[in-house]
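So you can see what is in the structure, the chains are spelled out below.
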Amino acid sequence: MTQLIYIIEGQEKTFDEFESIAIPTILKYNGRLLFRIRPTENNFIESHIDKPYEIHLVEFETQQDFDNFKQDEERKKFLHLKNQSVKSSILIQGTKL
């Protein structure tokens, strides 16, 4: 899955604090963070939507693994950090061919 993440200006540290908990949790549920990109303006050749603060590409072995990740109790304790820092996000789920 690919996630485009849009941050509330000035909340970058709060977002990084949430990510420091959420990203290691991915491994707990048979997932892998394939890459985490923080693109700059000159990284875009063309764009017809707002430019995201970060782009994540993550894979989980099964849909159930992803669902379990979302329900992780430790991660849920820190969702207030995500809610405080993320303006919006777009999650694109795909199938590996």
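Preceding this section is the structure that the text describes.
Computed from a prediction, not measured in an experiment: that's the story for all the values here.

Rules used throughout
Residues numbered from 1 in each chain as written. Predicted model: local features only at pLDDT ≥ 70, side-chain atom pairs only at ≥ 80, totals over all residues. Heavy atoms only, no water. Helix = DSSP H or I, 4+ residues; strand = E, 2+ residues; numbered from the N terminus. Rg over C-alpha atoms; globule rule 2.2 N^0.38 Å. Buried < 20%, exposed > 50% of the residue type's maximum accessible area, 1.4 Å probe, protein only. Contact = heavy atoms within 4.5 Å. Areas by Shrake-Rupley, 256 points an atom, 1.4 Å probe, with all protein chains shown as cover. Salt bridge = Lys/Arg side-chain N within 4 Å of Asp/Glu carboxyl O. Core = buried A, V, L, I, M, F, W, Y, C linked by side-chain atoms within 4.5 Å.

(A) Quick look at the overall build of the protein. Along its length, the protein carries four helices and four strands. Here the C-alpha radius of gyration of the protein, 14 Å, is about what a compact globule of 97 residues would show, namely 13 Å. Residues counted as buried form 33% of the 97 residues belonging to the protein. Within the protein, contacts between residues separated by at least 24 positions form 75% of all contacts whose residues are at least 6 apart in sequence. Accessible surface computed for the protein: about 6700 Å², of which carbon and sulfur atoms make up 52%.

(B) Just the pattern of salt bridges, in detail. Tallying each qualifying case throughout the model produces ten salt bridges. Here Lys51 ties to Glu41 by a salt bridge, and the two come within 3.5 Å at their closest N and O atoms. With Lys51 in the loop between β2 (31–37) and β3 (54–60) and Glu41 in the loop between β2 and β3, this pair connects stretches of sequence that are ten residues apart. Residue Lys51 is classed as partly exposed on the basis of its relative accessible area, which comes to 37%. For Glu41, a relative accessible area of 56% puts it in the exposed group. Salt-bridge contacts for Lys70 lead to Asp67; the nearest nitrogen and oxygen are separated by 3.7 Å. Linking Lys70 with Asp67, this pair stays in helix α2 (residues 63–70), spanning three residues, or about one helical turn.

(C) Representation of the nonpolar core in the model. Counting residues in each nonpolar core, the largest one holds seven residues, listed as Met1, Ile26, Tyr29, Val58, Phe60, Phe66 and Phe69. Of all the secondary structure elements, the ones that give two or more residues to this core are β3 and α2. Those residues within four positions of Ile26 in sequence are excluded, and the remaining contacts are Gly31, Arg32, Leu33, Val58, Phe60 and Phe69.

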